[in-house]
Every structure is written in structure tokens, then in C-alpha cells.
Amino acid sequence: MKRIHVTFSIEELSLLASLASDQLFRREFIDPRMPGYKANPSEVQMGKALVNRLRSTVDDATKHPNSAAMNGSAKGQESL
């Protein structure tokens, strides 16, 4: 899997995690009720892991604001 690096503010990352979580809820509980829906459980599991990583990054950045700067990120921003 190819990796890329993108910089987000804490607020942007928090919003992204929230939006991704909402989409996962939809895929897990709402979409299966739609005619013709084809489930992809591995994608849902990967999405859940990603949301957990995003939330963990936001939590770490808000608890330890100076650690983001020590990890090579700009003020108040985390790299993903």
C-alpha cells in the first residue's frame, strides 16, 4: 500500500473523523437494508481502524499540544 502524507489542523482532523464515523454507521446499519447492497466487511473494518487512528491522533494532539511540534508538524497541526 502506497503511503502519502497530508497535513491537517486538529479541527479539520476532528471533523474528518466525525464524518468518517457517520459514513461507517451508514455502511454498517443503513445500507444493508437497501436493495442490491453488496457488503464489504473488510472495508468496514479498515474504516473503523482508520477512524480510531484519527480520533487517537486528535486526542493526543489536544492532550499534548507541544508533541505535535516535536514530531515535525506545524503549530497545532498533525500529519497523517
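In this report, we go over the structure that sits alongside the text.

What counts as what
- Residues numbered from 1 in each chain as written.
- Predicted model: local features only at pLDDT ≥ 70, side-chain atom pairs only at ≥ 80, totals over all residues.
- Heavy atoms only, no water.
- Patch = residues over 30% accessible without salt bridge, like charges linked within 9 Å, V, L, I, M, F, W, Y side chains within 5 Å.
- Areas by Shrake-Rupley, 256 points an atom, 1.4 Å probe, with all protein chains shown as cover.
- Salt bridge = Lys/Arg side-chain N within 4 Å of Asp/Glu carboxyl O.
- Helix = DSSP H or I, 4+ residues; strand = E, 2+ residues; numbered from the N terminus.
- Buried < 20%, exposed > 50% of the residue type's maximum accessible area, 1.4 Å probe, protein only.
- Phe/Tyr/Trp six-rings, centres within 6.5 Å; stacked < 30°, edge-to-face > 60°.

Our next topic: a nonpolar patch on the surface. A cluster of nonpolar side chains, Phe 25, Phe 29, Ile 30 and Met 34, forms an exposed patch at the surface whose accessible area comes to about 390 Å². Examined against the element boundaries, Met 34 turns out to sit in the loop between helix 1 (10-30) and helix 2 (41-63).

In this section: the pattern of salt bridges. Applying the stated criterion across every chain yields a total of three salt bridges. Between Arg 26 and Asp 31 there is a salt bridge, and its shortest N-O distance comes to 3.0 Å. By relative accessible area, which is 38% here, Arg 26 ends up partly exposed. The closest approach of N and O atoms between Lys 48 and Glu 28, which form a salt bridge, is 3.0 Å.

Between two aromatic rings, the relevant description is the distance of the centres plus the angle of the planes. Within this structure, the stated rule accounts for one aromatic pair. Between Phe 25 and Phe 29 the ring centres are 5.0 Å apart and the planes differ by 45°, which places this aromatic pair in the tilted class. A residue pair is termed a helical-turn pair when its members lie 3 or 4 positions apart in one helix, as Phe 25 and Phe 29 do in helix 1 at four residues.

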